[in-house]
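A closer look at the structure
Residues per chain are reported as follows:
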Amino acid sequence: MRILLLLIATSFAFADGHSSEEKAVLAAVQKLYDARNARDFETAASLNSSSGVYSTNSDGSFHKPMENITPEGLERASAVGFNLVHYPEAIKLSKDVYFVRFYYEGVAGKESKPYRTRVTTTWVNENGGWKLKTQHYSSAQYGGTHETILEDFDN
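We now turn to the structure provided with this report. (Residues numbered from 1 in each chain as written. Predicted model: local features only at pLDDT ≥ 70, side-chain atom pairs only at ≥ 80, totals over all residues. Heavy atoms only, no water.)

Considerations on the nonpolar core
Judged by nonpolar contacts, the single largest core of 26 residues is most densely connected at Val25, Leu32, Tyr33, Val100, Phe102, Tyr104 and Trp123. Put simply, the parts of the chain that give this core at least two residues each are helix 2 (20–37), helix 3 (41–46), strand 2 (84–94), strand 3 (97–108), strand 4 (113–126) and strand 5 (129–139). Per element, the largest residue contribution to this core is seven residues, and it comes from helix 2. Leaving out residues up to four positions away in the same chain, Phe102 has contacts with Val29, Tyr33, Val85, His86, Tyr87, Pro88, Thr117, Arg118, Val119 and Thr121. (Core = buried A, V, L, I, M, F, W, Y, C linked by side-chain atoms within 4.5 Å. Buried < 20%, exposed > 50% of the residue type's maximum accessible area, 1.4 Å probe, protein only. Helix = DSSP H or I, 4+ residues; strand = E, 2+ residues; numbered from the N terminus. Contact = heavy atoms within 4.5 Å.)

Below is the structure:
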């Protein structure tokens, strides 16, 4: 009887399929992209791992070296326009690590060209908060590729 009650009680916590921890990770993802849209580079930088972030862009270039993300660097590389996260999913990999994937639409470069991509990221729990550790973008232009822009070569 106790086991049955336990199962019933815990089923309500996961009724929507998302744990509170998973919701916190997805909230951090949304907060990062909201901060980018608002050009709040301090907040955006604070949501990146303090030990650095590994990135791969969808322009066909090589993987980027680990980078310590700063507000100044984000401002310098920032695209103009509004960027939207669609259908985010968070999958727990270990105690303090989540794999998150979603679709992303926005603009690339100062010319504000439309851009659509698939994104996979890894989020780690650092000092009680969820931080971006890796990000990989791959074109969702249905066979097309991202047109390389000058900012892609900035170090």
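A look at the side chain of Ser55
Locating Ser55 in the fold gives a position in strand 1 (residues 54–56). A polar atom in the side chain of Ser55 sits 2.9 Å from the side chain of Gln135. (Polar contact = N/O pair within 3.5 Å; in protein donor to acceptor, adjacent residues only side chain to side chain.)

Side note on helix 2
Between the first and last C-alpha of helix 2 there are 25 Å, a value that for 18 residues agrees with the 26 Å anticipated at 1.5 Å per step. Of the residues making up helix 2, those classed as buried are Glu22, Val25, Leu26, Ala28, Val29, Leu32, Tyr33, Ala35, Arg36 and Asn37. Note on helix 2: the residue one or two positions beyond its end, Arg39, has a positive phi of about 60°. (Expected span 1.5 Å × (residues − 1).)

Some details on the environment of Thr56
Within the element layout of this structure, Thr56 appears in strand 1. The exposure class of Thr56 is buried, given its relative accessible area of 11%. Separated by 82 residues in the primary sequence, Thr56 and Ser138 place their C-alpha atoms 8.5 Å from one another. Among the polar contacts made by the side chain of Thr56, one reaches the side chain of His63 at a distance of 2.5 Å.

Quick look at a negative patch on the surface
Together, Asp40, Glu42, Glu72 and Glu75 line one region of the surface with negative charge. Here Asp40 shows up in the loop between helix 2 and helix 3. (Patch = residues over 30% accessible without salt bridge, like charges linked within 9 Å, V, L, I, M, F, W, Y side chains within 5 Å. Areas by Shrake-Rupley, 256 points an atom, 1.4 Å probe, with all protein chains shown as cover. Salt bridge = Lys/Arg side-chain N within 4 Å of Asp/Glu carboxyl O. Lys, Arg positive; Asp, Glu negative; His and termini not counted. Charge placed at Lys NZ, Arg CZ, Asp CG, Glu CD.)

A short note on unusual backbone geometry
Most of the time, phi is negative for any residue but glycine, and the peptide bond is trans. Positive phi, close to 60°, is recorded for Arg39, a residue that is not glycine. Inspection of the secondary structure assignment puts Arg39 in the loop between helix 2 and helix 3. Non-glycine residue Tyr87 carries a positive phi angle of around 55°.

Limitation: the analysis is restricted to geometry and does not speak to function.
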